[in-house]
Amino acid sequence: MSVLVYAEHDNESLKTETNKLVHAALGASTDIVVLVAGSGCSAIADAAAKISGVSKVILADNEVYLHQLPENIADLVLELSADYTHLFAAATTTGKNFMPRVAALLDVAQISDVIKVVSEDTFVRPIYAGNAIATVQSSDTKKVVTVRAASFDAAANDGNASVEILDTVKTSEKSSFVSAELTVSERPELTAADVIISGGRGMQNGENFALLNGIADKLGAAIGASRAAVDAGFVPNDMQVGQTGKIVAPQLYIAVGISGAIQHLAGMKDSKVIVAINKDEEAPIFSVADYGLVGDLFDILPQLEAAL
Amino acid sequence: MKILVPVKRAVDYNVKVRVKPDNSGVDLNNVKMAINPFCEIAVEEAIRLKEKGVATEVIVVSVGDKACQEQIRTGLALGADRGIHIETEADAVVDSLQVAKLLQKVVEAESPDLIILGKQSIDSDNNQTGQMLAALTGMPQGTFASEVVVSDGTVNVKREIDGGLQTVKLTLPAVVTTDLRLNEPRYASLPNIMKAKRKPIDVKPVADFGVDMKSNVTVLKVEAPAQRSGGVKVADVAELVEKLKNEAKVIS
């Protein structure tokens, strides 16, 4: 048994999802190898080598992997796959993109969005937007798995694995990167933040989201939003927390003017402590909140900022 | 240009599903079914490309038992030209890999220039079929699309990724999977619903495709999610901050 874990990174830094992936992979095997594929990313391989439980890091550092295009990455992972019984990637837009290609080329099923690794062949995953939880067993010779990182603790960083350089270059003529419009923010990323404050339709417009800034500054929080707020055009899509957006599990989640639609709850209900601020005391969000405060958010937010 | 749009029959998105008491699955008896929302967005995008004069023919294909012809008709009522129904036994559960292999055969027979699918179905939530089909057919892929621009043998796909948006350029033929914000599907008009009844659907039994339909994944049990119990209501901001500091200890 051995697991190849695909490192989540942006060529600048190794994401904590990778530590969580390693933790998840330890449920299937104790022999864990991390693949870092990117460009100019040797520092990331060094960081991955420090994750506890990792026996080796493979570094595929080449320009063709800069944007981690799925055609190239799938072929790279496929070539390495012979040595492993399990292939794990995060269920991020990177992992979701290339991993099913790997599964199809190996002629095996993929187990998506795993929230618990029961054993080497049995996994737990949400279906129907989290309204049901399935336990599934795979008899495929190789298990191809994407992991919902938020459901796992992060492995520590006290390891000391070796880094092996891989010269394999896989590139497709059929696909190329054109451009990216990445959100620039001083705040932590939603999926990595310890504290998140999210606004919903109750914020009324995009300008009012500024009311969350002062509180986020004081708490070192990321700012999120419900799908209703995104669909209404208040804020960009990448701020969306929910089944079809980001799945988060911070220490503290503050939901402001969010009613608590099932698809939003699916994205944040594993948070350690949930606070709901809503003027409708019947709002479903209160049924999952540890602390509920009924009232007008436009009164409450300035008071909260002042009290912190 | 020919566009193939695979669609899936799934539980209507407004339905709150319940787990069966014996934990064998989700109870689908007498539950309203509909075209999977992401698939509907895929059909809409294909129709728009036809209306712009980019596409000449839109084919809707679905894998499932007889009932999924309803969803093929939905696609035809939205404006697709013809349908293909790959018929399975009643209530058969088909994995993404098997669907991708069946679609691969359809692609070989029809040679579409573009295949547009929903990024995932709202029942099994796998998010796999499009990527698997792309791999099996050796095509490039643009997943989670929020904009699709076809020009001269290529397609530019703007993708919704975790940090923002990314645009990739793909050589046709290519696979695109839709995200929520790609478009807002139209409502089918009554005359178009009537017209759709006369459009052809080619029904082919799954056995004709020579695909091994055996799944290597067994569902051991399906349970309702653990309920998080609601906590307490606090009276004001001062009490909230006090609780967060001293009781929950999540802020200092």
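Going by the structure above, here's the rest.
Treat the numbers as computed from the prediction; the structure is a model and nothing was measured. Think of each chain on its own: its residues are numbered from 1, step by step along the sequence as written. Both sets of labels track the order of writing: A upward for chains, 1 upward for ligands. Reporting of local features is limited, given that this is a predicted model, to residues whose pLDDT is at least 70; pairs of side-chain atoms are given and counted only at 80 or more, and all residues count toward the totals for whole chains, interfaces and linings. Excluding hydrogens and water, the side-chain values take into account all heavy atoms of the structure.

Visitor: Summarise helix α8 (residues 297-307) of chain A; cite the residues concerned and give the values.
Guide: A simple rule labels every residue: compare its accessible area, found with a 1.4 Å probe on the protein chains alone, to the largest value its type can have, and call it buried under 20%, exposed over 50%, or partly exposed in between. Only runs of H or I of at least four residues qualify as helices and only runs of E of at least two qualify as strands under DSSP, and these elements are numbered from the N terminus. Taken together, the buried positions of α8(A) are occupied by A:L297, A:I300, A:L301 and A:L304. Down the axis of α8(A), the smallest arc covering the buried residues is 100°, so these residues share one side. The contact criterion used is simple: two residues touch if any of their non-hydrogen atoms lie within 4.5 Å. Against α5 (210-219), β14 (252-256), β15 (273-278) and β16 (291-294) of chain A together with α6 (237-246) of chain B lie the buried residues of α8(A). Any pair of N or O atoms that falls within 3.5 Å is considered a polar contact. Within protein, one atom must be able to donate a hydrogen and the other to accept it, and sequence-neighbouring residues count only if both atoms are side-chain atoms. For α8(A), the capping residue at the N-terminal end is A:D296, with a side-chain oxygen 2.9 Å from the backbone nitrogen of A:F298. The reported arc concerns the directions from the helix axis to the C-beta atoms and nothing else.

Visitor: Please provide a residue-by-residue account of the interface of chain A and chain B, values included.
Guide: On the chain B side, the residues contacting the 81 residues of chain A number 73 residues. Two parts placed together each lose some accessible area under a 1.4 Å probe, and the buried area is that loss summed for both. Taken as a group, A:Y128, A:K174 and A:Y291 account for 12% of the area that chain A buries against chain B, more than any other trio of residues on that side. Throughout this description, the term salt bridge denotes a Lys or Arg side-chain nitrogen within 4 Å of a carboxyl oxygen of Asp or Glu. Counting the contacts that link chain A with chain B gives three salt bridges. Across the salt bridge formed by A:E181 and B:K158, the nearest N and O atoms sit 3.5 Å from each other. Joining chain A to chain B, the criterion identifies 39 residue pairs in polar contact (both at pLDDT 80 or more). Here the side of chain A that touches chain B takes eight residues from strand β11 (residues 175-182) of chain A, the largest share from any one element. Any residue that is not Ala, Val, Leu, Ile, Met, Phe, Trp, Tyr, Cys, Pro, Asp, Glu, Lys or Arg is counted as polar, Gly included; the first ten are nonpolar and the last four charged. Each residue belonging to the side of chain A that touches chain B can be placed in one class, and the counts come to 37 nonpolar, 26 polar and 18 charged.

Visitor: Please set out the pattern of salt bridges residue by residue, giving values where relevant.
Guide: Side chains that differ in sign of charge can pair as their charged atoms come close. All told, the structure shown has 26 salt bridges over all chains when counted by the stated rule. One salt bridge in this structure joins B:R186 and B:E44, with 2.9 Å as the shortest N-O distance. A residue pair is termed long-range when its members are at least 10 positions apart, and B:R186 in the loop between β10 (174-178) and α5 (190-196) and B:E44 in helix α1 (residues 37-51) qualify at 142 residues. We classify B:R186 as partly exposed; its relative accessible area is 27%. Connected through shared salt-bridge partners, A:R227, A:D231, B:E160 and B:R181 make up one network.

Visitor: Which residues make up the sheet that holds strand β9 (residues 164-171) of chain B, and what are the values?
Guide: Pairing in this open sheet of ten strands is mixed, and the strands run β11(A)-β9(B)-β8(B)-β7(B)-β10(B)-β6(B)-β1(B)-β4(B)-β5(B)-β11(B) from one edge to the other. At either end of the open sheet lies a strand with only one pairing partner, and these are β11 of chain A together with β11 (201-205) of chain B. Here the strands of the sheet are splayed against their neighbours by 25° on average, with no regard to which way each runs. Only strands joined by at least two bridges in the DSSP assignment are considered to pair. As defined by bridge partners, strand β7 (residues 141-151) of chain B adjoins strand β8 (residues 154-161) of chain B across six bridges and the pair is classed as antiparallel. Its bridge partner being in β8(B), B:V148 is matched across the sheet by B:V157. For helices, the axis comes from a line fit to the C-alpha atoms of the stretch in contact; other axes are also lines fit to C-alpha atoms, and the angle between any two N-to-C directions lies between 0 and 180 degrees. The sheet contacts of helix α4 (residues 95-106) of chain A involve β7 and β8 of chain B, and relative to β7(B) the element is tilted by about 95°. Strands in contact with helix α2 (residues 69-78) of chain B are β1 (2-7), β4 (57-64), β5 (82-87) and β11 of chain B; relative to β5(B), the strand with the most contacts, it is inclined by about 165°.

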